[in-house]
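Fold and geometry: a report
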Amino acid sequence: MHGLAPDAAGLGLRRALLGPMRAAPPGSFDFLEAAPENWMGVGGRLGEAFADLAVRHPIVCHGLSLSLGGTTPLDDTLLARLRQFLDRIGCVLYSEHLSACSDDQGQLYDLMPLPFNRGAVEHVVARIRQVQDALGRRIAVENISYYAALLPEGGPGALRESDFINEVVSRADCDLLLDVNNIVVNATNHRYDPLDFLHAMPGDRITYLHVAGHYDEAEDLKIDTHGAPVSHPVWDLLAETYRHFGPRPTLLERDFNLPPLDELLGELATVRGHLAAAHRTVQRHAA
């Protein structure tokens, strides 16, 4: 698992939490996830704090701006800087979003969905392979939340999202960062069964998981915010993910409305509880 134990439970590294994370007792969390764009080239007090945490804890990096599905050329300068950064901090795993986040005018500062068809598969597979060659490592891609489908399911040339993801990771020979919250959000907004989607995922490619909170705008509309506690449907689907695929490293995401670290560690304890239950189930089946 790329240096992470299957039962590892981690937190997103946010600047507001640098002090509490550095002061946290050993074992409070098993790994940290950082957005490299937020830390490359950062020096001074913040850079020293990041370096201290990177020495003491495994770091996974989750990219924000490569635009794997975009139409403009990949940024070779960014890729070179990114490779140097990942190598320098000993990053155990790098992931990016299976989306587009730029156009010919520059960054969009949002994650745009891709059309789920074979043309898009060809396009994004070629770009993932280019990124992997440039970084000298295999990467993972994340299933994103989205609010409008570019192709109606069942339309001419359209693929199911789950089939699209399977084709991309197989043909690009990359891994999958499975966001459980995004499954719940998309299943609600696009009226499909979250269990069907989950069970269709390529289990042998899942390197780690995300869980996060969302906002219930309406009974049939969820907004992916990463700004609230994890909801019961997401916890339930996480437990099913472990049951179906076995324990996997899991990252608790919180980007906005950050509570005190102790609150986040309370949610992380719930992750660890589900992981422990899954581990006991594996042991029983192996006995």
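To be clear, the structure that these remarks concern was listed above.
Everything in this summary refers to the structure shown in the same document.

Reading guide: rules and limits
Residues numbered from 1 in each chain as written. Predicted model: local features only at pLDDT ≥ 70, side-chain atom pairs only at ≥ 80, totals over all residues. Heavy atoms only, no water. Core = buried A, V, L, I, M, F, W, Y, C linked by side-chain atoms within 4.5 Å. Buried < 20%, exposed > 50% of the residue type's maximum accessible area, 1.4 Å probe, protein only. Contact = heavy atoms within 4.5 Å. Salt bridge = Lys/Arg side-chain N within 4 Å of Asp/Glu carboxyl O. Helix = DSSP H or I, 4+ residues; strand = E, 2+ residues; numbered from the N terminus.

1. Observations regarding the nonpolar core
Counting residues in hydrophobic clusters, the biggest one holds 77 residues, and the most contacted among them are Leu11, Leu13, Met21, Ile128, Ile139 and Phe164. The contacts of Met21, once residues within four sequence positions are left out, are Leu11, Gly12, Leu13, Phe29, Leu32, Leu53, Arg56 and Leu261. Ranked by size, the runner-up nonpolar core spans 9 residues in total, among them Val60, Ala140, Leu177 and Tyr208.

2. Things to note about the pattern of salt bridges
Tallied over the entire structure, the rule returns 16 salt bridges. One salt bridge in this structure joins Asp87 and Arg137, with 3.1 Å as the shortest N-O distance. Within this pair, whereas Asp87 is found in helix 3 (residues 76-89), its partner Arg137 is found in the loop between helix 4 (118-135) and strand 7 (140-142), the two being separated by 50 residues in sequence. Between Asp173 and Arg138 there is a salt bridge whose closest N-O contact spans 3.4 Å. A residue pair is termed long-range when its members are at least 10 positions apart, and Asp173 in the loop between helix 5 (161-172) and strand 8 (175-179) and Arg138 in the loop between helix 4 and strand 7 qualify at 35 residues. Given the relative accessible area of 35%, Asp173 is considered partly exposed. Its relative accessible area of 34% is what places Arg138 among the partly exposed residues. Connected through shared salt-bridge partners, Arg138, Asp173, Asp175 and Arg205 make up one network.

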